[in-house]
Amino acid sequence: MSKVRVLVGTRKGAFILSSDGKRQKWDVSGPHFAGWEIYHVKGSPVDPNRLYASQTSGWFGQIIQRSDDGGKTWHQPGSAGEKPPAPGAGPVGESNKFVYDASDQTGKPLTTHQWYDGTQHPWEFKRVWHIEPSLREVDTVYAGIEDAALFRSTDGGKTWHELPGLRGNDTGPRWQPGAGGMCLHTIVLDPKDPKRIFIAISAAGAFRTDDGGKTWKPINQGLRSEHIPDPTAEVGHCVHRIAQHRSRPNTLFMQKHWDVMRTDDAGDNWREVSGDLPTDFGFVIDVHAHEPETVYVVPIKSDSEHFPLDGKLRVYRSRTGGNEWEPLAKGLPQSDCYVNVLRDAMAVDSLDSCGVYFGTTGGQVYASADAGNNWAPIVRDLPAVLSVEVQTLP
Amino acid sequence: MIRVVLPQHLRTLARVSGEVTIEVHGPATQRSVLDALENSYPVLRGTIRDHVTHERRPFLRFFVCSEDWSHEAPDAPLPKEITSGAEPFLIIGAIAGG
């Protein structure tokens, strides 16, 4: 029977929630890396036992953790816990070394972006927000970082190298940090075209490469953001999350700061599909594993009040690719609920009856084993949840 | 032999308990102590000092014989109490809530 493994990153550690295909009884493992902020944990589609975790701290900086046994044991790639490197194989202890590429040969001399006071400010590494393992190579993995840039490792996380063409895009000086920092938080790898990658940055917008990361272009046409001087500017949009169904890689759904958006031409043109949502502010968005027109969001009251409308936690589902939405509330708190659901904190499994999962800043992780019709908490009292990913295991 | 006391989270990363001891070849300074520490425990690279600039991370402090040496020159000689092992070199995480 199939199993599912839910990988949860929180403000104070990582947790792994495991169940069989019924998804009724759960084993809880953790906290892993207790006391550290775990921005993201994600497994490799190539080898589900290969997990990567972004472990961060205001005191001690960035750590990358890797597991090769499905989360039972962890180590920092290239360090103890792994086979010692061969003599002359190079230094160890660099799995947390994220240095922007400013070399003449491959980097870009561009080193500034827009700061809060309108001046230009140098790029400064702060943390890894999102880890995206390759769809094809177990040792290849991407990292989205703050200040916004995309890094790649091709040795299982031992060393990281920037894909500088993104930061070197000529719109870079106009990127600016949002309230949460200038973070690259979304990485979508095209399942059909290995050279196409979509990424999103707050607050710059969405970008796409068609040449494996050498060159990038902003894909923000159709977005409208009233919080920037030119609401339809090429960059400056606060994109919160992008989701894709593997069968239709040119169709993307976006939860922007305000507005739920859709594109059917790989981001060249977007249109709003907020439709009858009670509020179209929010952070998460995801797509049903088997129904590419079924989309999930969690509406949040506003950018000033980051909690559900009327204290009622409701997921909204569209079965029509947007515009027409239905509230899903069965099993979710319908009074006095004032949590938030952060951008990386929703995921779906790929069992026949699609499971949907999300975590809250109140420490709950909710699961639905029937595509959102019924919900139940897996856990109620974790630290604030930053990210949720799901693995469907044989 | 120089004794070094690490914050709890760095002890966990380095998979050690209690103090660690390191050998420093040449003059014992904050720089040479940290170099030796990172050579013995490469997982600590980047967690105490920046990987590239080697500047101290902002929320860490270095205490020597009941004095804050965080702003001392990295190549200033450490006192004999440290080099003899009578006193430990303390790496302290700033107190903060949350």
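Conventions and cut-offs
Residues numbered from 1 in each chain as written. Chains lettered and ligands numbered in written order. Predicted model: local features only at pLDDT ≥ 70, side-chain atom pairs only at ≥ 80, totals over all residues. Helix = DSSP H or I, 4+ residues; strand = E, 2+ residues; numbered from the N terminus. Buried ≥ 20, exposed ≤ 12 C-beta atoms within 10 Å, placed from the backbone. Contact = placed C-beta atoms within 7 Å. Rg over C-alpha atoms; globule rule 2.2 N^0.38 Å. Nonpolar A, V, L, I, M, F, W, Y, C, P; charged D, E, K, R; others polar. Pairing = 2+ DSSP bridges. Axes fitted to C-alpha atoms, helices over the stretch in contact; angles between N-to-C directions. Core = buried A, V, L, I, M, F, W, Y, C linked by C-beta atoms within 7 Å. pLDDT = per-residue confidence, 0-100. Arc of directions from axis to C-beta.

Student: A description of the overall build of chain A should follow, citing residues and the corresponding values.
Tutor: When helices and strands are counted, chain A shows one helix and 29 strands. Its C-alpha atoms give chain A principal-axis dimensions of roughly 60 × 50 × 40 Å. Residues counted as buried form 53% of the 394 residues belonging to chain A. Counted over contacts in chain A with a minimum sequence separation of 6, partners at least 24 positions apart contribute 51%.

Student: Describe the overall build of chain B, listing the residues and the values that go with them.
Tutor: Looking only at helices and strands, one finds three helices and five strands in chain B. Its helices and strands taken in sequence order, chain B reads β-α-β-α-β-β-α-β from the N to the C terminus. In terms of overall dimensions, chain B is globule-like: its C-alpha atoms have a radius of gyration of 13 Å, near the 13 Å expected for 98 residues. By principal-axis analysis of the C-alpha atoms, chain B measures approximately 40 × 25 × 25 Å. Out of the 98 residues belonging to chain B, those deemed buried represent 27%. Partitioning the contacts of chain B with sequence separation of at least 6, the portion at a separation of at least 24 is 56%.

Student: I'd like a description of the interface of chain B and chain A, backed by residues and values.
Tutor: Listed by partner, the interface residues are 17 residues for chain B and 17 residues for chain A. Each residue belonging to the side of chain B that touches chain A can be placed in one class, and the counts come to eight nonpolar, five polar and four charged.

Student: Run through the pairing of strand β19 (residues 260-263) of chain A, naming residues and quoting values.
Tutor: Residue and element names in this part refer to chain A. Burial of the side chains of β19 extends over both faces: Val260 and Arg262 are buried on one face and Met261 and Thr263 on the other. Relative to β19, strand β18 (residues 252-256) runs antiparallel, the two sharing four bridges. Across the sheet, residue Leu252 finds its bridge partner in β19, namely Thr263. A loop of three residues connects β18 with β19, the two strands running antiparallel in sequence, and Asp259 in this loop sits at a positive phi of about 90 degrees. Inspection of the sheet shows β19 paired to strand β20 (residues 271-272) by two bridges, in the antiparallel sense. Counterpart to Met261 in the pairing with β20 is Glu272.

Student: Can you explain the pairing of strand β23 (residues 315-318) of chain A? Please cite residues and give values.
Tutor: Residue and element names in this part refer to chain A. The side-chain alternation of β23 yields two buried faces, one formed by Val315 and Arg317 and the other by Tyr316 and Ser318. With three bridges joining them, strand β22 (residues 295-297) and β23 adopt antiparallel strand pairing. The residue of β23 that forms the bridge with Tyr296 is Arg317. Sheet topology places β23 next to strand β24 (residues 326-328); three bridges connect them, and they run antiparallel.

Student: Please provide a residue-by-residue account of unusual backbone geometry, values included.
Tutor: Residues and elements named next belong to chain A. In this model, Glu146 is joined to Asp147 through a cis peptide bond whose omega is -5 degrees. Following the sequence through the fold, Asp147 ends up in the loop between β10 (141-146) and β11 (149-153). Ala203 follows Ser202 through a cis peptide bond whose omega is 0 degrees. Its place among the elements puts Ala203 in the loop between β14 (197-202) and β15 (205-209).

Student: Describe the sheet that holds strand β3 (residues 60-64) of chain B, listing the residues and the values that go with them.
Tutor: All names here are of chain B. Taken in spatial order, the five strands make up an open sheet running β2-β1-β5-β3-β4, and their pairing is mixed. The sheet is open, and its two borders are formed by β2 (20-22) and β4 (67-68), each paired with just one other strand. Looking at chain direction, β3 and β4 are connected through two bridges and run antiparallel. Within β4, the position partnered with Phe63 by the bridge is Asp68.

Student: I'd like a description of the sheet that holds strand β25 (residues 346-348) of chain A, backed by residues and values.
Tutor: Residue and element names in this part refer to chain A. A sheet is described by the order of its strands in space; here four strands give the open sequence β25-β26-β27-β28, paired in antiparallel fashion. This sheet does not close on itself; its edge strands, each paired only once, are β25 and β28 (376-379). This sheet shows a mean twist of 25 degrees between the axes of neighbouring strands, independent of strand direction. Both β25 and strand β26 (residues 356-359) contribute to a ladder of three bridges, which runs antiparallel. Bridge pairing in β26 links Met346 to Phe358.

Student: Report on the nonpolar core, specifying residues and quantitative values.
Tutor: Core analysis: the biggest nonpolar cluster contains 130 residues, and Val6, Val8, Ile199, Tyr357, Val365 and Val388 of chain A have the highest contact counts within it. The contact partners of Val6 of chain A, leaving out residues within four places of it in the chain, are Leu17, Tyr357, Val365, Ile378, Val388 and Val390 of chain A.

Student: Requested: an account of the confidence of the model for chain B, with residues and values cited.
Tutor: Looking at chain B, the pLDDT average stands at 94 and 98% of residues meet or exceed 70. Scoring the predicted complex yields pTM 0.95 and, for the interface, ipTM 0.94.

Student: If you had to explain the environment of Gln334 of chain A to someone new, which residues and values would you point to?
Tutor: All names here are of chain A. By the secondary structure assignment, Gln334 is in the loop between β24 and β25. The exposure class of Gln334 is partly exposed, given the 14 C-beta atoms found within 10 Å. Separated by 23 residues in sequence, Gln334 and Gly311 place their C-alpha atoms 6.6 Å apart. When residues no more than four places from it in sequence are discounted, the contact partners of Gln334 are Lys312 and Ala329.

Student: Pulling in residues and values, what's your account of the environment of Trp26 of chain A?
Tutor: All names here are of chain A. Here Trp26 is to be found in the loop between β2 (13-20) and β3 (27-32). Under the C-beta neighbour-count criterion, Trp26 is labelled partly exposed, with 17 such atoms within 10 Å. Placed 22 residues apart in sequence, Trp26 and Val4 show a C-alpha to C-alpha distance of 9.7 Å. Beyond its immediate chain neighbours, meaning those up to four positions away, Trp26 contacts Leu17, Ser18, Ser19 and Ile378.

Student: Could you give an account of helix α2 (residues 30-40) of chain B, with specific residues and numbers?
Tutor: All names here are of chain B. Three or more residues of α2 are buried, namely Gln30, Val33, Leu34 and Leu37. Taken around the axis of α2, the buried residues stretch over an arc of 95 degrees, which confines them to a single face. Where the residues of α2 are buried, they touch β1 (2-5), β2, β3 and β5 (89-93).

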